[in-house]
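Given next are the chains, with one letter for each unit.
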Amino acid sequence: MKRMLVIAAAALTLVAHAQNFPGSKPISIVVPFAAGGPTDKVARDLAVAMAKTLPGGNFVVENVAGAGGTIGASKIARANPDGHSLLLFHIGMAATPALYRKLSYKPLEDFEFLGMVNDVPMTLIGKPQLPANTYRDFENYIRANAGKLNIAHAGLGSASHICGMLWQAQLQSKEAMTTIPFGGTAPAMNALVGGQVDVMCDQTTNTTAQIESGRVKAFAVTTAKPLADHKLLKYYPSLQEMGMKGFDLTIWHGLYAPKGTPAAITTALNDAMKKALKDPEFIKKQEALGALVVTDKRVDPAEHKKFVAAEIQKIKVAVDASGKYAD
Ligand code: ASP
């Protein structure tokens, strides 16, 4: 009886809170990768845009990096469902259940889906000291240095890991590269710029400025076709054009809340997202970095969940076929 009263009181508190949401308490968006990287950039730009559209909304971004994003994601799966703990995750939300057989969260059961944010192409980039200047030169260099190069990624299940795996699977090189995991591609980028690692795949939200300033060399984009509309990235071929059959990789991002977050709160957050994604300043910032902001249809929670469910199936088939797991 006493326990039931406690549960009822907790439910009443949540209802009262939902009516006053967001109140004065900050809304924390967990980014499951290091600060300064591409997912972090999307989260920070989104937080600025949503703060404008959610009256009283005071957002903070928290970086909980490690294990390909799974540490940050499990933190939010277990967080208080009061709308003040959110997760901004990318394709890893669908890749990690296939790669980690002992995952501590279930994407489709442990989260409320708030909507998708954007689609971001990736670029294949190398350290500035590499002698190659074109993708073909780079492939020749890799063959001539088989087994000597290393490739950075942001942990098993991260976008950079998936991209590097797909690329190396088609690369006609005798020996695999040594993989070096980081807590995100921000620290990996520092290592690349400094010449400690040789190559990496990363989202254009992190690589555009580095390519433009010549701090890294770009060789190709991961979309099926080149990015013809982008002022800088249009100069790079797609991996598919360079002979990588069917190579077409775009990284999507979505926003999540812990399961059980009251509908009044998820609706308020979804409304704020829809408005934020129409903010010309947000759109301009994202487009300058090669990202494409999604339309209303994909900001819809049901569509978002359906999309992630389909991606989970698609990635599971590919991972099971490869037989390579993270654990
Ligand atoms: N780009 C990273 C990845 O490979 C994540 C990040 O640091 O944002 O998944």
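These lines cover the structure that appears in this document, whether it is placed above or below.

Turning next to the packing of aromatic side chains. Under the definition given, this model contains seven aromatic pairs. Pairing Phe33 with Phe89 gives two aromatic rings, centres 6.2 Å apart and planes at 55 degrees, and the pair type is tilted. Placement of Phe33 in the loop between strand S1 (27-31) and helix H2 (38-53) and of Phe89 in strand S3 (residues 85-89) is noted, with a sequence separation of 56 residues between them. On the basis of relative accessibility, which here comes to 5%, the residue Phe33 falls in the buried class. Between the aromatic rings of Phe138 and Phe219, the centroid separation amounts to 4.2 Å while the plane-to-plane angle is 10 degrees, which identifies the pairing as stacked. Highlighted residues: Phe138 in helix H5 (residues 135-144) and Phe219 in strand S8 (residues 217-221), separated in sequence by 81 residues. Its relative accessible area of 1% is what places Phe219 among the buried residues. Grouped by ring-pair contacts, the aromatic residues Tyr105, Phe111, Phe113 and Tyr256 constitute a single cluster. When the ring centre of Phe307 is taken as reference, the NZ or CZ atom of Arg298 above it lies at 5.4 Å.

Tracing the backbone shows Leu108 in the loop between helix H4 (92-99) and strand S4 (111-126). Under the relative-accessibility criterion, Leu108 is labelled partly exposed at 30%. A sequence separation of 139 residues divides Leu108 from Phe247, and the C-alpha atoms of the two residues are 27 Å apart. Contact partners of Leu108, with chain neighbours within four places excluded, come to Phe113, Lys305, Val308, Ala309 and Ile312.

Between H2 and helix H9 (residues 263-276), the least distance of the axes is 8 Å, while the angle of their chain directions is 110 degrees. Relative to H9, H2 is oriented roughly perpendicular. Handedness of the crossing formed by H2 with H9: right-handed. Taking contact as the criterion, the partners of Leu46, Ala49, Met50 and Thr53 in H2 are, on H9, Leu269, Ala272, Met273, Lys275 and Ala276. Within the contact of H2 with H9, the residues separate by chemical class into seven nonpolar, one polar and one charged.

Thresholds applied
Residues numbered from 1 in each chain as written. Predicted model: local features only at pLDDT ≥ 70, side-chain atom pairs only at ≥ 80, totals over all residues. Heavy atoms only, no water. Phe/Tyr/Trp six-rings, centres within 6.5 Å; stacked < 30°, edge-to-face > 60°. Helix = DSSP H or I, 4+ residues; strand = E, 2+ residues; numbered from the N terminus. Buried < 20%, exposed > 50% of the residue type's maximum accessible area, 1.4 Å probe, protein only. Lys NZ or Arg CZ within 6 Å of the ring centre and 35° of its normal. Contact = heavy atoms within 4.5 Å. Axes fitted to C-alpha atoms, helices over the stretch in contact; angles between N-to-C directions. Parallel < 35°, antiparallel > 145°, perpendicular 65-115°, else oblique. Left-handed = near helix turned anticlockwise from the far one by under 90°. Nonpolar A, V, L, I, M, F, W, Y, C, P; charged D, E, K, R; others polar.

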